[in-house]
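Notes for the structure review
Single-letter residue listing:
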Amino acid sequence: MAKKQFKAESKKLLDMMINSIYTHKEIFLREIISNSSDALDKLCYKALTEDGVGVSREDLYIKVTIDKENRIVKVSDNGIGMTEEELEKNLGTIARSGSLNFKNDMEKKEEIDIIGQFGVGFYSAFMVADKVTVITKAFGSDKAYCWESNGADGYTITETGKEGYGTDIYMKLKEDGEDERYSDYLEVYMLRGLIKKYSDYIRYPIKMDIEKSRKVEKPDSDKPEYEKYIEEETINSMVPLWQRGKDEVTEEDLNNFYKEKYFDTKDPALTIRADVEGAFSYKALLFIPENTPMGYYTKEYQKGLELYSSGVMIMDSCEDLIPEHFRFVKGVVDSQDLSLNISREMLQHNRQLTAIKNNIEKKVKQELKKLLNNDPERYEKFYQSFGLQLKYGIVADYGAHRELLKDLILYYTSNEKKMITLERYVETMPEGQEYIYYACGESVSKIDNLPQTEPLKDKGYSILYMTDEVDEFVINMLGEIDGKKFKSINDKDLGIETEEEKSDIEAKQEENQVMLDYLRDCLDGKVTAVRLSNKLKSHPVCLTTDGEVSLEMEKYFATIPGDHPDIKAQRVLEINPTHKAFYMLQDTWQLDKDRCAKLGKLLYNQALLIADISIENPAEYTDLFWELI
Ligand code: ADP
C-alpha cells in the first residue's frame, strides 16, 4: 500500500519532534492521555445528549500497558474512536489541531519555545517512538482502521479488526542513545509517576497493570513464601481539583494545575476558589496570571472560562462567564445545575450563566480588594499587568462599571512617591484642599518636572501623576471621589490663590494686555491666549489649555486612526511675571516690537519643550535663540 505524505505543516512539526532537543520528552504521555480523555468526553457527551447510545460514564477508562519485550507503550481508550476519514483528517495534518497556530513563521522561533508553550498533541509520540500505530474503531461503526507511521516519510491507513470501539495507540520506543534512555518509559514506576504528575485530574480512570506480591501461607514451612500477581490499579485520583475540599488541595497542587493548563512558567498572582450553594450552585477555580499574557491587549486574546457540567466539559472558552473588565481571569466553572443538552447558542442567553457571571464578578472584586489591603506589593504587581484593563473597564459602557472598579485603580502621587488608591488620596488630603489634583504626561519623572506642579507642591498638596492615555477619560468618567472633584494642574484656576493674589495678577494682566495680545497674534493662531500666571515659581513659561480638550487628549486623538480636526486643545502660553524673561519682554516691547515678538516665539517653543511636545521647526528655533542672545 502506497504511503501518504503528511501535510507540509505536519511534516515540519514531525521533524521537530523526531529531532527534538527538548528535555521534556516525557510530556508525550500526557498528550496521548489527554487525547484519550477528550475522546471519552465526546462519547460521554453523546450518551448524555442523544437517546439510545447505551454507554454509561462508569464504563469509560484509559489503560496504559507496557510490553517490555517489544519496547512498546500502549495507551487504550474506549472513547468515541475515529472513522477512516477522521483518521486521515486528524492524524494526517496538524493544521486541524486547535492548540497550535503554526502560521506565525515557525522557522524563526526557538523549537523549545514552541514545544514548551503549547500542548503539542499526538505528534509528540515521535519524540520517544520511532514507530506509532493507531488502531481505532469509531463508536457505532463496524469497521476498524490501522494508521501507522515511522515518522517523517509518511503514513498508511489500512482496514483491520478490533474488538469494541475506541482507540489503541502503540508507541514503539526508540533505541537508547548515549544521552537518552527511552527504556525508562518501559518501567512501571516511571509511567505511574508521569500519570500522577501530568494527568492526575483526568476525570476517567487511567489504569495500569501493577505487579504485586503476596505472602503464601505454607503450614509445614517456617520460611514465609511470596508469590507474584498482577492487579489492575487506577493511578490518577480523578476528582478534579475544584471538586476536592479546600484542605485536600495544597497551594502547590493549584499552582501546578494552573501552570500546566495555561502554559505559564510562573505561579498565578492570585488563586480564587468559589463554592456557591443556592439558587444556582457552582464551583469555580479561578486564576489571575502574574504577567500580562502575550497579545493580551489585542483582539486576538481569547477570554473565557472553561465550563463543566457535573464533570463533563461543555465549553472550553465560555465568554459569558466573565465580564470584559476582568477578562484576565482564567479558570474553570463547574455547575451541576446546567442542563447538558442545551445548545451553545442557548447557553449564551442563559439566566444561570448570567447569575454565575455576576457572582464571579463580585468574588473577583472581593479577592482583589483583599489582596490590595493585605499584600499591597503583590497587588501592585498584578496592577502592573492588568491595571490598564481596569481603567478601560471604568470608561467602557458609559461608565456602567465605575463604582465596581474605582477603588481598584492606583496612581502614583507626588507626596507619597508611590502608587495609592483614590480613596487614600482623598483621606490624606490636608485641611483646606478642595480638589484632587492630577497631571498627565509620558512618565512620572517628566510630569514631576513640570513647572505647574510647583505651587501645589509648595502648599503640600499631592498630585496624581497619570501616564496612560486612558487616564483622563477615567477621570472624566469618575467625576469625583467622595465629593471631591478632579482638577488638572493645567487648569486656569487651581483654587489655591487668595483673593489678593487673584486681583494682583488681574491688574498686572491688564497693564500688559496690549503686549500680551500682540504676542498672541504673532504666534499665528498657535495659542488662544498669552496670559500672566501665578502658577509659575522658578520657570519662565508653561503651556496650559482652556476648554475641555487637554494636551494629552489631543496627543491621544492624533495617534488613533481617522480624522479628528475638532479635537484640538486650546493652548495658552502662561508667563511668569516674576521671571527675568518677563522683564526682558517688557523692556524690549518699549524699544523694538519685532524683537519682542521673536522673544515671544522663543518662549512659546520653550513651553512646548517643557510640555514634552516636539517643536515644529527646531532649526528655526535654534537660530532664533542665537539671534536673540
Ligand atoms: P489536538 O488534541 O490538539 O486537537 P492532536 O494532534 O493531539 O491535536 O490530535 C488530533 C486529533 O486527532 C484530535 O483532535 C482528535 O480528533 C484525534 N484523536 C487523537 N487521539 C484520539 C483518540 N485517542 N481518540 C479519538 N480521536 C483522537
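Small disclaimer: the values here were computed from a predicted structure and weren't measured.

Let's shift gears to the overall build of the protein chain. Broken down by element type, the protein chain carries 20 helices and 22 strands. By residue count, 47% of the 629 residues in the protein chain fall in the buried class. Entry remark: accessible area of the protein chain is about 32400 Å², with carbon and sulfur atoms responsible for 46%.

Estimated volume of the second largest pocket: approximately 590 Å³. Lining the second largest pocket are 25 residues, and of these Glu 497, Ile 505, Ser 533, Asn 534 and Lys 535 lie nearest its centre. Residue assignment for the lining of the second largest pocket shows that the elements contributing at least two residues are α13 (453-459), α15 (499-511) and β20 (529-532). Top element by residues in the lining of the second largest pocket is α15. It accounts for 5 residues.

This paragraph deals with the side chain of Ser 488. The residue Ser 488 is located in strand β19 (residues 484-488) in this model. On the basis of relative accessible area, Ser 488 is assigned to the buried category, the value being 17%. Among the polar contacts made by the side chain of Ser 488, one reaches the main-chain amide nitrogen of Asn 490 at a distance of 2.9 Å. Discounting residues that sit within four places of it in the chain, Ser 488 has contacts with Tyr 438 and Leu 494.

In this section: the pattern of salt bridges. Once their charged atoms are close, side chains differing in charge can pair, the charge on each being opposite to the other. Under the definition given, this model contains 44 salt bridges. Residue Glu 187 is joined to Lys 68 by a salt bridge in which the shortest nitrogen-to-oxygen separation is 3.3 Å. Here Glu 187, found in the loop between β6 (166-173) and α5 (188-199), pairs with Lys 68, found in the loop between β1 (62-67) and β2 (72-77); they are 119 residues apart in sequence, far enough to count as distant. For the salt bridge of Arg 71 with Glu 175, the shortest nitrogen-to-oxygen distance reads 3.9 Å. With a gap of 104 residues between them, Arg 71 in the loop between β1 and β2 and Glu 175 in the loop between β6 and α5 connect regions that are remote in the sequence. Look at Glu 175 and you get exposed, because its relative accessible area is 53%. Taken together, the shared-partner salt bridges in this structure form one network comprising Arg 71, Glu 175, Asp 176, Arg 181 and Asp 184.

Another point: the pairing of strand β11 (residues 305-309). With respect to burial, β11 is a largely interior element, 5 of its 5 residues being buried. Across 3 bridges, β11 lies against strand β13 (residues 330-334) in parallel orientation. Opposite Tyr 308, over in β13, you have Asp 334 as the bridge partner.

Let us now look at the packing of aromatic side chains. Per the stated rule, a full pass over the model turns up 28 aromatic pairs. Taking the ring centre of Tyr 229 as reference, the NZ or CZ of Arg 214 above it sits at 4.0 Å. It is Arg 327 that lies over the ring of Tyr 296; its NZ or CZ is 5.0 Å from the centre.

Once that is clear, we can look at the confidence of the model for the protein chain. Across the protein chain, the average pLDDT comes to 87, with 90% of residues at 70 or higher. Segment residues 95-119 is flagged for pLDDT under 50; beyond a separation of four residues in sequence, or across chains, it makes 35 contacts in the model. The model gives residues 341-345 a pLDDT under 50, and that stretch makes 6 contacts with residues more than four places away or in other chains.

Let us now look at the environment of Gly 81. Along the chain, the position of Gly 81 falls in the loop between β2 and α3 (84-92). Overall, Gly 81 belongs to the buried group, its relative accessible area being 9%. Taking the C-alpha atoms as reference points, Gly 81 and Asp 168, 87 residues apart in sequence, are found 9.2 Å from one another.

A few words on the sheet that holds strand β21 (residues 541-546). Across the sheet, 3 strands lie side by side as β20-β22-β21; this open sheet has mixed pairing. One side of each edge strand has no neighbouring strand; the edge strands of this open sheet are β20 and β21. The sheet shows a mean angle of 35° between the axes of neighbouring strands, taken without regard to direction. Across the sheet, helix α16 (residues 513-522) is in contact with β20 and β22 (570-575); its angle to β20 comes to roughly 145°.

Strand order in the open sheet made by the 8 strands is β5-β4-β3-β6-β2-β1-β7-β8, with mixed pairing throughout. The sheet is open, and its two borders are formed by β5 (155-160) and β8 (225-234), each paired with just one other strand. For this sheet, the mean inter-axis angle between neighbouring strands, taken without regard to orientation, is 25°. Packing against the sheet, α3 makes contact with β3 (129-137), β4 (144-149) and β5, and its axis sits at approximately 160° to β5.

So, on to α16. The set of residues buried in α16 consists of Met 515, Leu 516 and Leu 519. Seen from one end, α16 has its buried residues packed into an arc of 100°, which puts them on one side. Those residues of α16 hidden inside the fold are in contact with α15, β20, β22, α18 (580-591) and α19 (593-610). Positive backbone phi, at 55°, marks Asp 524, one or two positions downstream of α16.

All told, the structure shown has 2 cavities of 30 Å³ or more when counted by the stated rule. Counted as a void, the largest cavity has a volume near 240 Å³. Residue lining of the largest cavity: 23 residues in total, with Cys 440, Leu 450, Asn 490, Glu 552 and Ala 611 positioned closest to the centre. For the lining of the largest cavity, the elements supplying multiple residues, two or more each, are β16 (436-440), α12 (444-448), β21, α17 (551-559) and α19. By residue class, the composition of the lining of the largest cavity is 12 nonpolar, 5 polar and 6 charged.

If a strand is regular, its side chains alternate between the two faces of the sheet. With 5 of its 6 residues buried, β22 lies for the most part within the structure. Where β20 lies against β22, 4 bridges are found, and the strand directions are parallel. Along β22, the bridge assignment pairs Leu 532 with Ile 575. Bridge analysis of β21 against β22 gives 6 bridges, and the strand direction is antiparallel. In the strand pairing of β22, Thr 544 is matched with Val 572.

The next point concerns the side chain of Lys 137. Residue placement: Lys 137 occurs in strand β3. Side-chain polar atoms of Lys 137 contact the backbone oxygen of Lys 162, separated by 3.0 Å. If we skip the residues at most four places from it in the chain, Lys 137 touches Ile 80, Gly 81, Met 82, Asp 142, Lys 143, Ala 144, Lys 162, Gly 164, Tyr 165 and Gly 166.

Let us look at the nonpolar core. In this structure, Phe 326, Phe 328, Leu 368, Tyr 379 and Leu 390 are the most contacted members of the largest nonpolar core, which totals 67 residues. The element contributing the most residues to this core is helix α8 (residues 351-374), with 7 residues. In this structure, Leu 191, Ile 206, Met 208 and Ile 210 belong to the second largest nonpolar core, which totals 49 residues.

Cut-offs and rules
Residues numbered from 1 in each chain as written. Predicted model: local features only at pLDDT ≥ 70, side-chain atom pairs only at ≥ 80, totals over all residues. Heavy atoms only, no water. Helix = DSSP H or I, 4+ residues; strand = E, 2+ residues; numbered from the N terminus. Buried < 20%, exposed > 50% of the residue type's maximum accessible area, 1.4 Å probe, protein only. Areas by Shrake-Rupley, 256 points an atom, 1.4 Å probe, with all protein chains shown as cover. 1 Å grid on protein atoms, 1.4 Å probe; cavity = no way out; pocket = protein on both sides within 12 Å on 5 of 7 lines; lining within 4 Å. Points joined across faces, edges and corners; volume = space filled by probe spheres on them. Polar contact = N/O pair within 3.5 Å; in protein donor to acceptor, adjacent residues only side chain to side chain. Contact = heavy atoms within 4.5 Å. Salt bridge = Lys/Arg side-chain N within 4 Å of Asp/Glu carboxyl O. Pairing = 2+ DSSP bridges. Phe/Tyr/Trp six-rings, centres within 6.5 Å; stacked < 30°, edge-to-face > 60°. Lys NZ or Arg CZ within 6 Å of the ring centre and 35° of its normal. pLDDT = per-residue confidence, 0-100. Axes fitted to C-alpha atoms, helices over the stretch in contact; angles between N-to-C directions. Arc of directions from axis to C-beta. Nonpolar A, V, L, I, M, F, W, Y, C, P; charged D, E, K, R; others polar. Core = buried A, V, L, I, M, F, W, Y, C linked by side-chain atoms within 4.5 Å.

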